[in-house]
Amino acid sequence: MKKLILTLFLTFYGYAVIRYHIGKNLSGWMEFFFVLNKSFAWTAGTLLTLSVLPSYFLEKYKLKRRAIGTFAYTIALIHINSSILLLSEKFYPKFYTHSHLNAAGWLYISLGALSILLFTIPLIASKLNFPEGHFMYRFGRYGILLNLSHVTAIGFKGWLSYQDWPFYMPPITLLFVLSGLLILGFRYLILRK
Ligand code: HEM
C-alpha cells in the first residue's frame, strides 16, 4: 500500500518538477509549495478513483479498498488546505477578475468542495464497518464524477494548445482526467460486477 502511494506521489512530483520548475522556470518557496500541491492533488485524485475498483480485484495486488480510500481522503485534505493557503491571483489567475474570485473560480472550488463532501459518505460507512454493498459506498462514484468535473473545468482550456506545453508535456489536468476515465471505463465496462 505505502509502496503504491510513494510510487504514485514521486512519479507525479517528478513530472510536475520537470514541467513547472524547469519547463516554466518556477523558483522560490511558494512556487515549491505550489508545485508540491499539484502532486498532492494528482495523487489524491488517482487514489480516490482507484478506490472504486472492487475489493476482489484490488486484493489480487494485496491492496485494501478501505485503506486506499482513507489514504486518498487524507491526501485530498492536504491538497485542499494547501490550495486555500495558496489561493491568490498570483498562483491561480483564472480564478480571479480584478483581484476578486470570479464566477469560474467559485465553480472550480465548489466542484472540489462537493466532491470531498461526497467522498465523506463512503469514508463514514467504512469507519462504521458497513458491508461492501451498502448504498453509502455508491456516493464514491458520484464524488469521482464531480472531481473529474473540478479538474476539467480548471484545465480544459489548455488541453488543445500543445504548442504552449513546456517540453510538449501534457497538463496534469489532462493526464488526470484521461487516467480517471480509463479507470472508470475499466471498472464499469470490463469488470462490471
Ligand atoms: C476530493 C477533493 C479534491 C481532489 C481529489 C482534487 C484534485 C485536484 C486535481 C487532480 C487538480 C489538478 C492539479 C493540477 O492541475 O496540477 C486540482 C486542481 C486544483 N484544486 Fe483540487 N481537488 C479537490 C478539492 C479541491 C477543493 C475543495 C479546492 C478548494 C480550495 C481545490 C482547489 C484546487 C485548485 C486551486 C487547483 C488548481 C491547482 C493548480 O493549477 O496548480 N481542490 N484538484
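Anything mentioned here points back to the structure above.
Residues numbered from 1 in each chain as written. Predicted model: local features only at pLDDT ≥ 70, side-chain atom pairs only at ≥ 80, totals over all residues. Heavy atoms only, no water.

A. Representation of the coordination of the iron atom of the ligand in the model. The iron atom of the ligand binds to the protein through His79 (NE2) and His150 (NE2); the donor distances cover 2.2 Å. One can describe the donor arrangement at the iron atom of the ligand as octahedral, given that its six donor atoms subtend angles of 87 to 179 degrees at the metal. Residue histidine 79 is located in helix H4 (residues 65-86), and its partner histidine 150 is located in helix H6 (residues 139-155); the two are separated by 71 residues in the primary sequence. There is no split in this pair, since histidine 79 and histidine 150 are both buried. (Donors = N, O, S within 2.8 Å, 3.2 Å for Na, K, Ca; no water. Tetrahedral: all angles 85-135°; square planar, octahedral: opposite > 155°, others 65-115°. Helix = DSSP H or I, 4+ residues; strand = E, 2+ residues; numbered from the N terminus. Buried < 20%, exposed > 50% of the residue type's maximum accessible area, 1.4 Å probe, protein only.)

B. Local environment of the nonpolar core. Among the nonpolar cores identified, the biggest contains 52 residues, and Leu47 and Leu53 are the most heavily contacted of them. Going through the elements one at a time, helix H1 (2-22), helix H2 (29-50), helix H3 (55-58), H4, helix H5 (103-127), H6 and helix H7 (172-191) are the ones with two or more residues in this core. At nine residues, H2 tops the list of elements feeding residues into this core. Once residues within four sequence positions are removed from consideration, leucine 47 is found in contact with Leu4, Ile5, Leu8, Ile68, Ala72 and Ile75. (Core = buried A, V, L, I, M, F, W, Y, C linked by side-chain atoms within 4.5 Å. Contact = heavy atoms within 4.5 Å.)

C. A look at H2. Compared with an ideal rise of 1.5 Å per residue, which puts 22 residues at 32 Å, H2 spans 32 Å between its outermost C-alpha atoms and is within 8% of the ideal. The element H2 is extensively covered by neighbouring structure, given that 16 of its 22 residues are classed as buried. (Expected span 1.5 Å × (residues − 1).)

D. Seen up close, the side chain of glutamate 31. With respect to the helices, strands and loops of the structure, glutamate 31 is situated in helix H2. There is a polar contact of 2.9 Å between the side chain of glutamate 31 and the side chain of lysine 90. Each residue touching glutamate 31, except ones within four places of it in the same chain, is listed here: His21, Leu26, Lys90 and Phe91. (Polar contact = N/O pair within 3.5 Å; in protein donor to acceptor, adjacent residues only side chain to side chain.)

E. Structural view of H6. Under the 1.5 Å per step criterion, the end-to-end length of H6 is 24 Å for 17 residues, consistent within 8% with the ideal 24 Å. Residues Gly140, Gly143, Ile144, Asn147, Leu148, His150, Val151, Ala153, Ile154 and Gly155 constitute the buried set of H6. At its buried positions, H6 is contacted by H2, H4, H5 and H7.

F. Summary view of the site of the ligand. Among the 25 residues in the neighbourhood of the ligand, the closest are listed as Lys38, His79, Asn147, His150 and Thr173. With respect to the ligand, the side chain of lysine 38 contributes an N or O atom lying 2.8 Å from an oxygen atom. Broken down by secondary-structure element, the contributors of at least two residues to the shell around the ligand are H2, H4, H5, H6 and H7. Across the shell around the ligand, the residue classes tally to 16 nonpolar, eight polar and one charged. (Near = heavy atom within 4 Å. Nonpolar A, V, L, I, M, F, W, Y, C, P; charged D, E, K, R; others polar.)

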